[in-house]
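Chain and residue survey
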Amino acid sequence: MEKTIFEKIIDGEIPSYKIYEDEYVYSFLDVFPITKGHTLVIPKKHSRNILDCDPETAANIGRVLPKIANAVKEAYNCDGINIFQNNEEYAGQSVFHLHFHIVPRYKDKDTNFDNLEIAWPPQKLEPADFEKIQESIVKNL
Ligand code: 5GP
């Protein structure tokens with residue numbers, strides 16, 4: 001199967017602005033940042049996304065996310081950070097190698113080109129609805 005862009009970055013075939021690297025994880029600047037300091041964190045071991053990712057790979061990523069998020073925070077004293085992770089095209093995934101976006105957020109939008117708007121429309125459900133949803137998910141764990 002053809003390598004994804006991110007596998008080519010890991011293998012050094014495509015250049016990147018490296019932020020962090022260890023045996024299991026590689027982190028680099030997103031080439032089309034949505035805010036100043038937008039950084040990607042990826043496992044070296046390939047998985048398409050979170051749905052086919054093994055627990056060790058997830059743990060390796062989880063271990064470094066706070067370190068890198070704090071480095072981004074220190075660098076720009078941002079006012080907040082979002083961590084995004086898209087799975088499958090319908091959910092916004094465009095590169096099919098698991099990755100986490102660390103996106104610093106700024107009150108000073110202009111200087112830091114923070115034009116991100118997140119629509120998060122809350123719905124109201126009855127307890128019976130929650131119980132049905134809970135059961136459907138839990139039985140698949
Ligand atoms: P997704 O939409 O799959 O969640 O995110 C993919 C991200 O990869 C996008 O934010 C996009 O800007 C970034 N990206 C795509 N190609 C490259 C590349 O060649 N180099 C880097 N550094 N980032 C890339």
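Per chain, residues are indexed from 1 in the order of the written sequence. Side-chain atom pairs in this predicted model are given and counted only at pLDDT of 80 or more, local residue features only at pLDDT of at least 70, and totals for whole chains, interfaces and linings cover all residues. Excluded from the side-chain calculation are hydrogens and water; included are all heavy atoms of the structure.

1. Overview of the layout of surface pockets
Here is the rule: With a 1 Å grid laid over protein atoms only, a set of points is called a cavity when a 1.4 Å probe fits there but cannot get out and a pocket when it is open yet has protein on both sides within 12 Å along at least five of seven lines; lining residues have an atom within 4 Å of a point. Grid points are joined across faces, edges and corners, and a volume is the space filled by probe spheres set on the points. Under the DSSP-based scheme used, a helix requires at least four consecutive residues in state H or I and a strand at least two consecutive residues in state E, with every element numbered from the N terminus. Residues are grouped as follows: Ala, Val, Leu, Ile, Met, Phe, Trp, Tyr, Cys and Pro are nonpolar; Asp, Glu, Lys and Arg are charged; every other residue, Gly included, is polar.
The computed volume of the largest pocket comes to approximately 380 Å³. Lining the largest pocket are 20 residues, with Phe6, Phe28, Asp30, Val31 and Leu40 positioned closest to its centre. In terms of residues, the lining of the largest pocket owes the most to one element, helix H1 (residues 5–10), which gives 3 residues. Looking at the lining of the largest pocket residue by residue, the classes come out as 12 nonpolar, 7 polar and 1 charged. Taken as a whole, the second largest pocket spans an internal volume of roughly 170 Å³. As for the second largest pocket, its lining consists of 15 residues, and the residues nearest its centre are Leu29, Gly37, His38, Thr39 and Tyr76. Classifying every residue of the lining of the second largest pocket gives 9 nonpolar, 4 polar and 2 charged.

2. What to know about the UniProt feature "domain: HIT" (unreviewed entry) in the protein
Cut-off, in case you're wondering: UniProt positions are given in the numbering used here, feature names are shortened, and annotations may be inferred rather than shown by experiment.
UniProt records the feature "domain: HIT" (unreviewed entry) at residues 5–113, using the numbering of this structure. Helix makes up 26% of residues 5–113 and strand 23%, and the two end C-alpha atoms of the span are 25 Å apart.

3. Focus on the pairing of strand E2 (residues 25–29)
Using the following cut-off: Here's how the labels work: a residue is buried when its accessible area is under 20% of the maximum for its type, exposed when over 50%, partly exposed in between, all with a 1.4 Å probe on protein chains only. Note: two strands are recorded as paired if DSSP finds a minimum of 2 bridges between them.
Most of E2 sits out of view: 4 of its 5 residues are buried. Inspection of the sheet shows strand E1 (residues 18–21) paired to E2 by 3 bridges, in the antiparallel sense. The partner of Tyr20 across the bridge, within E2, is Ser27. Taking the residues between adjacent antiparallel strands as the criterion, E1 and E2 are bridged by 3 residues. Pairing analysis gives 5 bridges linking E2 to strand E3 (residues 39–43), with the strands arranged antiparallel. Looking at E3, one finds that Leu29 is bridged to Thr39.

4. Some points on the side chain of Thr35
Note the cut-off: Whenever a nitrogen or oxygen atom comes within 3.5 Å of another N or O atom, the pair is scored as a polar contact, on the condition that within protein one atom can donate a hydrogen and the other can accept it, and that pairs from neighbouring residues in sequence are kept only if both atoms are in side chains. Contacts are assigned to residue pairs that have any heavy atoms within 4.5 Å of one another.
Its place among the elements puts Thr35 in the loop between E2 and E3. One polar contact links the side chain of Thr35 to the main-chain carbonyl oxygen of Pro104, over a distance of 2.6 Å. Not counting residues up to four positions away in its chain, the partners in contact with Thr35 are Val103, Pro104, Tyr106, Asn112, Phe113 and Asp114.

5. Describing the sheet that holds E1
Inclusion rule: With axes taken as lines fitted to C-alpha atoms, and helix axes fitted only over the stretch in contact, angles between N-to-C directions fall between 0 and 180 degrees.
In spatial order, the strands read E1-E2-E3-E5-E4; together these 5 strands make up an open sheet with antiparallel pairing. Sheet topology places E1 and strand E4 (80–84) at the edges, where each strand pairs with a single neighbour. Taken over all neighbouring pairs, the strand axes of this sheet differ in orientation by 20 degrees on average, direction set aside. By the bridge criterion, 5 bridges tie E4 to strand E5 (residues 100–105) in an arrangement that is antiparallel. Bridging across to E5, Ile81 finds its partner in Pro104. Contacting E1, E2, E3, E4 and E5, helix H2 (residues 55–76) crosses the sheet at an angle of about 160 degrees to E3.

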